[in-house]
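# Descriptive analysis of the structure
Listed here are the chains, written in short residue letters.
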Amino acid sequence: MSDSNNAGGFKQLLSSTNWIALVLVVLVIVFMAQNSHDANLTILWMTVRWPLWLAIGIVLVLSFAAGYLFRGRRDKRRRSAR
């Protein structure tokens, strides 16, 4: 593997988008750690009592999954338009 391939990967790793994502993840972790009390959550007709950090974590994972799935569709549309 050449050094130019490694330099491109490292440059991409340090892109502003990756830094923003890293900062947001750290902020979410701090927020989750500070909000450790239990909370009543109503989901449709059910009310559950969960630790707030767990609810935030579940919403975070679902948000990443939705973003990943929608990004895949957008990329397919862009490729087919070319």
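Details of the structure are given in the entry above.
Quick caveat, the model's predicted, so the values are computed rather than measured.

### Points about the overall build of the chain
In terms of helices and strands, the chain carries three helices and two strands. Mapped from its N terminus to its C terminus, the chain presents α and β elements in the order α-α-β-β-α. Of the contacts formed within the chain by residues at least 6 apart in sequence, a portion of 19% connects residues at least 24 apart. A total accessible area of about 7300 Å² is found for the chain, and carbon and sulfur atoms account for 66% of it.

### Let's talk about the side chain of N35
One can find N35 in the loop between α2 (16–34) and β1 (38–43). Relative accessible area serves as the criterion here: at 16%, N35 is assigned to the buried category. Polar side-chain contacts of N35 include one of 2.8 Å to the backbone oxygen of F31. Residues within four places of N35 in sequence aside, it is in contact with L52 and W53.

### Digging into the pairing of β1
Summarising the sheet, β1 and strand β2 (residues 46–51) pair through six bridges and their orientation is antiparallel. Across the sheet, the residue bridging to I43 is M46, located in β2. What sits between β1 and β2 in their antiparallel hairpin is a turn of two residues, with L44 showing a positive phi close to 55 degrees.

### A look at a nonpolar patch on the surface
Among the surface-exposed residues, L14, W19, L22, V26 and V30 lie close enough to one another that they form a single nonpolar patch of about 450 Å² accessible area. Turning to its location among the elements, W19 is positioned in helix α2. Taking the relative accessible area as the measure of exposure, W19 reaches 46% and is therefore partly exposed.

Calculation rules
- Residues numbered from 1 in each chain as written.
- Predicted model: local features only at pLDDT ≥ 70, side-chain atom pairs only at ≥ 80, totals over all residues.
- Heavy atoms only, no water.
- Helix = DSSP H or I, 4+ residues; strand = E, 2+ residues; numbered from the N terminus.
- Contact = heavy atoms within 4.5 Å.
- Areas by Shrake-Rupley, 256 points an atom, 1.4 Å probe, with all protein chains shown as cover.
- Buried < 20%, exposed > 50% of the residue type's maximum accessible area, 1.4 Å probe, protein only.
- Polar contact = N/O pair within 3.5 Å; in protein donor to acceptor, adjacent residues only side chain to side chain.
- Pairing = 2+ DSSP bridges.
- Patch = residues over 30% accessible without salt bridge, like charges linked within 9 Å, V, L, I, M, F, W, Y side chains within 5 Å.
- Salt bridge = Lys/Arg side-chain N within 4 Å of Asp/Glu carboxyl O.

The quantities given are spatial measurements derived from coordinates; they are silent on function.
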